[in-house]
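Structural description and commentary
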Amino acid sequence: MAVKFPLRSTIILTAIGIFAVFLPFLLMSVGILDAYTAHVIAMGGVNAIMAMSVNMIVGITGQLSLGQAGFLAIGAYSCIFFTLDLGLPLPVAAAAATALTTLAGFLIGFPVLKLTGDYLAIVTLGFGEIIRVVFINLKPLTGGPNGRQFTTAMALDGRLALGIVTLVLVLLLALVQNFLRSTYGRAMMAVREDEIAANSAGVDIFRYKMLGFVLAAFIAGIGGSLYGMVVGFVKPDIAQFLKSIDFLIYVVLGGMGSMTGSILAAYVLTYLQEFLRFLQDYRLLIYPLILIFVMLFRPKGLLGTKEFSFVHSIDRFVAFIRRKTGKEQADA
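Parameters and conventions
Residues numbered from 1 in each chain as written. Predicted model: local features only at pLDDT ≥ 70, side-chain atom pairs only at ≥ 80, totals over all residues. Heavy atoms only, no water. Core = buried A, V, L, I, M, F, W, Y, C linked by side-chain atoms within 4.5 Å. Buried < 20%, exposed > 50% of the residue type's maximum accessible area, 1.4 Å probe, protein only. Contact = heavy atoms within 4.5 Å. Helix = DSSP H or I, 4+ residues; strand = E, 2+ residues; numbered from the N terminus. 1 Å grid on protein atoms, 1.4 Å probe; cavity = no way out; pocket = protein on both sides within 12 Å on 5 of 7 lines; lining within 4 Å. Points joined across faces, edges and corners; volume = space filled by probe spheres on them. Nonpolar A, V, L, I, M, F, W, Y, C, P; charged D, E, K, R; others polar. Expected span 1.5 Å × (residues − 1). Phe/Tyr/Trp six-rings, centres within 6.5 Å; stacked < 30°, edge-to-face > 60°. Salt bridge = Lys/Arg side-chain N within 4 Å of Asp/Glu carboxyl O.

**Comments concerning the nonpolar core**
Residues M52, M56, F71, L226 and V230 are the most contacted members of the largest nonpolar core, which totals 83 residues. With residues near it in sequence (within four places) discarded, M52 still touches L169, L172, L173, V176, I219, M259, S262 and I263.

What follows is the structure in structure tokens.
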């Protein structure tokens with residue numbers, strides 16, 4: 001039996017995606033959005049991409065990784081190297097950096113995924129610290145502790161940065177959501193729920209853990225490339241443990257297993273940090289307080305394992321309007 005193509009849903013989601021990409025340009029043209037705020041929101045988009053990367057491991061495959069900031073650093077420095085040192089065009093350099101980060105995820109995944117739980121978390125944490133130390137000492141390529149400058153059009157133009165980051169985020173979200181609905185995605189979620197039951201059903205546990213880890217590295221490579229382009233300056237400190245914890249917080253707050261939830265949390269917390277800058281270092285207390293309240297009143301996060309659906313939201317809104325209209329006509 002042929003599967004019916006979801007034409008209506010595709011049209012709605014495509015229209016929403018195009019609107020999300022061009023919305024920043026519209027808001028800036030009428031003076032509602034300034035360049036600084038656009039840059040902050042663009043960084044929120046980069047953090048959202050990294051939250052998707054962490055969620056692919058923590059929320060989808062059920063593993064605990066604390067080294068995604070290491071993949072972020074690999075993607076960022078690789079993009080700078082391919083652009084400034086090898087002279088590749090920026091889009092080609094970003095693609096090459098993403099491929100290199102994916103390869104790194106593949107090579108690292110083989111030994112570390114033989115571990116589980118706390119052991120996996122400790123090993124991936126060590127991986128991130130190794131990357132940081134290597135980049136500090138690899139001065140000819142990374143600039144050492146002082147980092148490297150990477151002046152791009154996106155670093156100079158907040159509107160352009162926000163538009164491109166939003167476009168990449170929309171495309172990534174569409175690809176990831178379709179992947180998770182496929183046979184491979186469902187097998188990965190089966191591994192998350194119960195490894196023994198999944199193995200008895202013929203699911204190769206290690207294979208699908210490896211697939212999730214490599215996909216997470218792929219997404220992190222894209223996030224790292226965009227980070228270098230948006231910030232315009234990269235230091236080895238971006239691979240530190242606390243950066244990985246920030247990404248994990250987005251996932252926990254948004255909901256482990258919910259891509260849209262982690263994206264929402266990344267945007268909210270990124271903007272909140274800038275909005276509360278007048279509190280100076282006291283604003284760093286916001287994350288722990290938010291997590292405490294979430295753990296008390298919403299242990300599964302804002303969306304839990306559910307995904308926000310634009311199509312279902314529109315359907316419910318249309319049904320509500322029809323009910324209101326029908327009721328008014330009946331009263332008349």
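Having seen the structure, we can now continue with the description.
**Notes on the environment of Q149**
The residue Q149 is located in strand β1 (residues 148–149) in this model. Between the alpha carbons of Q149 and V203 there is a distance of 46 Å; along the sequence they are 54 residues apart. Among residues more than four places away in sequence, those in contact with Q149 are L84, G232 and F233.

**Some thoughts on the layout of surface pockets**
If you add up the space inside the second largest pocket, you get close to 820 Å³. Lining the second largest pocket are 27 residues, and of these M43, N47, K243, D246 and E274 lie nearest its centre. Broken down by element, the lining of the second largest pocket gets its largest block of residues, 5 residues, from helix α12 (residues 241–254). Residues belonging to the lining of the second largest pocket are distributed by class as follows: 15 nonpolar, 5 polar and 7 charged.

**Considerations on helix α4 (residues 90–112)**
Under the 1.5 Å per step criterion, the end-to-end length of α4 is 32 Å for 23 residues, consistent within 8% with the ideal 33 Å. Within α4 the residues assigned to the buried category are A93, A94, A97, T98, T101, T102, A104, G105, I108, G109 and V112. Summarising the contacts, the buried residues of α4 are in contact with α3 (68–85), α5 (117–137) and α11 (205–231).

**Some remarks on the packing of aromatic side chains**
The final tally for this structure, using the stated rule, is 8 aromatic pairs. Ring centres of F247 and Y250 lie 6.3 Å apart, and the angle between their planes is 50°; this geometry places the pair in the tilted category. Pair noted here: F247 and Y250 are both in helix α12, with a separation of 3 residues, about one helical turn. Both residues of the pair, F247 and Y250, belong to the buried class.

**Points about the side chain of S78**
Mapped onto the secondary structure, S78 falls in helix α3. Those residues in contact with S78 that lie beyond four places of it in its chain are A97 and L100.

**Observations regarding the pattern of salt bridges**
In a structure, side chains of opposite charge can pair up when their charged atoms sit close to one another. Scanning the entire structure with this criterion turns up 4 salt bridges. A salt bridge links K209 to E195, with the shortest nitrogen-to-oxygen separation between them at 3.0 Å. With K209 in helix α11 and E195 in helix α10 (residues 195–200), this pair connects stretches of sequence that are 14 residues apart. Residue E195 is classed as partly exposed on the basis of its relative accessible area, which comes to 32%.

Structural measurements only, silent on function.
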